[in-house]
Amino acid sequence: MEQLLQQLADRLGVAVEVIWQILIIQARIVAYQNTFNVLLAIVVICVSVYFIKYVNKEWYEEGKFFGIALSIAGIIIGFSWGISSLYWAVTGFINPRYFAIREILHSLGPSN
C-alpha cells in the first residue's frame, strides 16, 4: 500500500501524508452527503406512503391509476437509493480508511 501511495504522491507532486489526510477528510464529506441522501430518501418514501394512503383514494375512485403507480415507484426508488447511500454513509463514518484505500486503488486502476 505504501508503494501505491508513493506512486500517487509522485504523480501529484505532494507528500504521501498530505494525500492520506485529504482522502480521510473526503471520506467524512462523502459520509455526510450520503447521510443527507438517506434522509432525503426517507422523505421520498414518507411522501409516497402518504400519497398511497390518503390522496390516491380519490384518484383510485376516479380510475386514475397513474398516481398509485408513481407512489409505488417512489417507494421502490427511495428504498433502493436510501440503502445504497446508507452503506457509504456508515463506511465513511466508521471506517474512513477503507474509503481512502478504495480511492487510491481506483485512481491507480488498470487504465493508469
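Treat the numbers as computed from the prediction; the structure is a model and nothing was measured.

Draft legend 1. The arrangement of the pattern of salt bridges in detail. Considering all chains together, one arrives at one salt bridge under this definition. Across the salt bridge formed by Arg-102 and Glu-103, the nearest N and O atoms sit 3.2 Å from each other. Given the relative accessible area of 35%, Arg-102 is considered partly exposed. Judged by relative accessible area, Glu-103 falls into the partly exposed class, the value being 27%.

Draft legend 2. Molecular detail of the side chain of Ser-48. Among the secondary structure elements, Ser-48 is positioned in helix 2 (residues 16–61). Apart from the residues lying within four places of it in its own chain, the contact partners of Ser-48 are Ser-71, Gly-74 and Ile-75.

Draft legend 3. A look at the packing of aromatic side chains. Under the definition given, this model contains four aromatic pairs. Pairing Tyr-87 with Trp-88 gives two aromatic rings, centres 4.8 Å apart and planes at 80°, and the pair type is edge-to-face. Its relative accessible area of 43% is what places Tyr-87 among the partly exposed residues. Among the aromatic residues, those joined into a cluster by ring pairs are Tyr-87, Trp-88 and Tyr-98.

Draft legend 4. Seen up close, the nonpolar core. Leu-5, Leu-8, Ala-9, Val-16, Ile-19, Trp-20, Leu-23, Ile-24, Ala-100 and Ile-104 form the largest nonpolar core, which has ten residues in total. Contributing elements (two or more residues each) for this core: helix 1 (2–12), helix 2 and helix 4 (96–107). If one sorts the elements of this core by residue count, helix 2 sits on top with five residues. In contact with Val-16, other than residues within four places in its own chain, are Leu-5, Gln-6 and Ala-9.

Draft legend 5. Spotlight on the confidence of the model for the chain. Averaged over every residue, the pLDDT of the chain is 84; residues scoring 70 or more account for 88%. Mean pLDDT values for the elements of the chain range from 80 in helix 1 up to 88 in helix 3 (residues 66–94).

Draft legend 6. Inspection of helix 3 at higher detail. Along its 29 residues, helix 3 runs 41 Å from first to last C-alpha, staying within 8% of the 42 Å computed at 1.5 Å per residue. Looking at helix 3, one finds that the buried residues are Gly-67, Ser-71, Gly-74, Gly-78, Gly-82, Ser-85, Ala-89, Thr-91 and Gly-92.

Draft legend 7. Quick peek at the packing of helix 3 against helix 4. In the contact formed by helix 3 and helix 4, the axes pass within 5 Å of each other and the chain directions differ by 105°. Considered as vectors, helix 3 and helix 4 are oriented roughly perpendicular to each other. Residues Tyr-87, Trp-88, Thr-91, Gly-92, Phe-93 and Ile-94 of helix 3 lie in contact with helix 4, whose contacting residues are Pro-96, Tyr-98 and Arg-102. Looking at the contact of helix 3 with helix 4 residue by residue, the classes come out as six nonpolar, two polar and one charged.

Draft legend 8. Looking closely at the packing of helix 1 against helix 4. Contact geometry for helix 1 and helix 4: axes closest at 10 Å, N-to-C directions at 65°. Where helix 1 crosses over helix 4, the handedness of that crossing is left-handed. Contacts between helix 1 and helix 4 involve Leu-4, Leu-5, Leu-8 and Arg-11 from the first element and Ile-104, Leu-105 and Ser-107 from the second. Looking at the contact of helix 1 with helix 4, its residues break down into five nonpolar, one polar and one charged.

The rules behind the values
- Residues numbered from 1 in each chain as written.
- Predicted model: local features only at pLDDT ≥ 70, side-chain atom pairs only at ≥ 80, totals over all residues.
- Heavy atoms only, no water.
- Salt bridge = Lys/Arg side-chain N within 4 Å of Asp/Glu carboxyl O.
- Buried < 20%, exposed > 50% of the residue type's maximum accessible area, 1.4 Å probe, protein only.
- Helix = DSSP H or I, 4+ residues; strand = E, 2+ residues; numbered from the N terminus.
- Contact = heavy atoms within 4.5 Å.
- Phe/Tyr/Trp six-rings, centres within 6.5 Å; stacked < 30°, edge-to-face > 60°.
- Core = buried A, V, L, I, M, F, W, Y, C linked by side-chain atoms within 4.5 Å.
- pLDDT = per-residue confidence, 0-100.
- Expected span 1.5 Å × (residues − 1).
- Axes fitted to C-alpha atoms, helices over the stretch in contact; angles between N-to-C directions.
- Parallel < 35°, antiparallel > 145°, perpendicular 65-115°, else oblique.
- Nonpolar A, V, L, I, M, F, W, Y, C, P; charged D, E, K, R; others polar.
- Left-handed = near helix turned anticlockwise from the far one by under 90°.

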